[in-house]
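The lines below spell out each chain.
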Amino acid sequence: EVIDGLRVKPQTRASYVKNWRNHIAPYPIAQVPLAQLTGLKLTQHYRVLEKSGRKDHRAGEGLSARTVRYIHTTIHGVLGQAVRDGLLLRNPADAATPPTAREAKAPEMTCWSSAQLAAFLAWSGKHAQDHALWRVLAYTGMRRGEALSLRWRDIDPDAGTVRIRRSAGIVRIAGEGAEMVEDDTKSSKPRVVDLDPGTVAVLRAWRRQRGSMALQLARDDALVFGDVEGGHRNGEHVSRQFKRDEPRCRKALGEDAPPVIRLHDLRHTHATILLTAREPIHVVAQRLGHASPVVTMTVYAHVLPGSQREAADLFARLIEETGT
């Protein structure tokens, strides 16, 4: 009930419910009265989860520091709501010690080079049913959910732009199955992304193909990457399809095949290729839909071209000029 009262998006709420059901409710911590809950007890619970908290096919193994920190976020949010509702005087999660942000950092991203991306798309253009989707994701850097919520009216092929206004995500509730739900983009702000002529051509061909299946699939209000009935595709299924296409590509290309990446890494690939080519950070941030270029700099700091070489040469030149 407290989770239902939180002002969070449906996907976030579903995630909170899942974590509460799997990683809080089955444990003794759930039976502790609110008034007796302390930061120490929460910290002890986090250590239990890190040691043996998994509930999937590897049940009994420890949860990652990243997952435990997210569970702490869930608990902190719920207890914060309890404070606002007058059930607690203070939030005991403030005194807990979850895994640090450094311990819970995201796994290192894997990206394709421009040549590797070109090789995959050349193969997918001839052999993959979802080539248009893979192309759009790679050439715009948009998120999976943003692409799955695109409608034809969002694309202006003459201007060569796409307006990204929504994001479709999976909301999974125990006993109720899963459904795709549209919401705002992650930054809650729409953005316009420019398209290159090649991607525009791919989208024009894709619309003709969809229209040949059923006229309603090519209407302005139809989903660009919907299922055969025009509804939202399940994002997890789309990611699995990408994983099925990758080994087919590797088998066909052999030693020239690109390495294994996740579907989301097409977004990282887009950003990395642009940044290493010295595209201004604020432009890349706009394309990715980051709230600020600072976010882009933080996420991609390891790939930003530095000026170390220029600095080294400048320093040596200054010293040499002084000594002559």
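Bear in mind the structure is a predicted one, so any value in this text is a computation, not a measurement.

Reading the values: rules and limits
- Residues numbered from 1 in each chain as written.
- Predicted model: local features only at pLDDT ≥ 70, side-chain atom pairs only at ≥ 80, totals over all residues.
- Heavy atoms only, no water.
- Helix = DSSP H or I, 4+ residues; strand = E, 2+ residues; numbered from the N terminus.
- Buried < 20%, exposed > 50% of the residue type's maximum accessible area, 1.4 Å probe, protein only.
- Lys, Arg positive; Asp, Glu negative; His and termini not counted.
- Salt bridge = Lys/Arg side-chain N within 4 Å of Asp/Glu carboxyl O.
- Polar contact = N/O pair within 3.5 Å; in protein donor to acceptor, adjacent residues only side chain to side chain.
- Contact = heavy atoms within 4.5 Å.
- Pairing = 2+ DSSP bridges.
- Expected span 1.5 Å × (residues − 1).
- Arc of directions from axis to C-beta.

Colleague: Before we move on, can you summarise the side chain of R210 with the specific residues and values?
Modeller: Along the chain, R210 turns up in helix α7 (residues 197–213). Although R210 is buried, it forms no salt bridge, and the closest oppositely charged side chain is D227 at an N-O distance of 5.8 Å. Here G226 takes part through its backbone oxygen, which lies 3.2 Å from a polar atom of the side chain of R210. At 3.0 Å, the side chain of R210 and the backbone oxygen of D227 are in polar contact. Beyond its immediate sequence surroundings of up to four residues, R210 is in contact with W152, L217, L223, V224, G226 and D227.

Colleague: So what's going on with unusual backbone geometry? Residues and values would help.
Modeller: Within the chain, R278 stands out as a residue other than glycine whose phi angle is a positive 65°. Structurally, R278 can be placed in the loop between α9 (265–276) and α10 (281–288). What makes R278 exposed here is its relative accessible area of 55%.

Colleague: Can you break down the sheet that holds strand β5 (residues 191–194) residue by residue, with the values?
Modeller: One open sheet accounts for 3 strands, arranged β1-β2-β5; its pairing is antiparallel. A strand with exactly one partner marks an edge of an open sheet, and here the two such strands are β1 (155–156) and β5. Two elements, strand β2 (residues 161–164) and β5, share 4 bridges in a ladder whose sense is antiparallel. By the bridge assignment for β5, I164 is matched with R191.

Colleague: Run through helix α4 (residues 114–127), naming residues and quoting values.
Modeller: For α4, built from 14 residues, the straight-helix expectation of 20 Å at 1.5 Å per residue is met to within 8% by its first-to-last C-alpha distance of 20 Å. Of all the residues in α4, the buried ones are L117, F120, L121, W123 and S124. With its buried residues spanning 165° around the axis, α4 presents them on a single face. With respect to the buried face of α4, the exposed residues turned more than 90 degrees away are A115 and K126.

Colleague: Would you mind going over the pattern of salt bridges in detail, with residue names and values included?
Modeller: Under the definition given, this model contains 14 salt bridges. The partner of R262 in a salt bridge is D265, with the nearest N and O atoms 2.9 Å apart. You can call R262 partly exposed: its relative accessible area is 41%. In the salt-bridge network here, residues are joined through shared partners; they are R143, E146 and R191.

Colleague: Let's hear about α7: which residues, and what values?
Modeller: With 17 residues, α7 extends 25 Å between its outermost C-alpha atoms, agreeing within 8% with the 24 Å of an ideal straight helix rising 1.5 Å per residue. For α7, the set of buried residues is T199, V200, V202, L203, W206, R210 and G211. Next to the buried residues of α7 lie α5 (131–140) and β1. Between the side-chain oxygen at the start of α7 and the backbone nitrogen of G198 there is a gap of 3.1 Å, and the oxygen is on D196.

Colleague: Lay out the side chain of S167 in plain terms, naming residues and giving numbers.
Modeller: Mapped onto the elements, S167 comes out in strand β3 (residues 167–173). Owing to a relative accessible area of 15%, S167 belongs among the buried residues under this scheme. Not counting the four nearest positions on each side in its chain, S167 is found in contact with G145, E146, S149, V181, E182, D183, D184 and T185.

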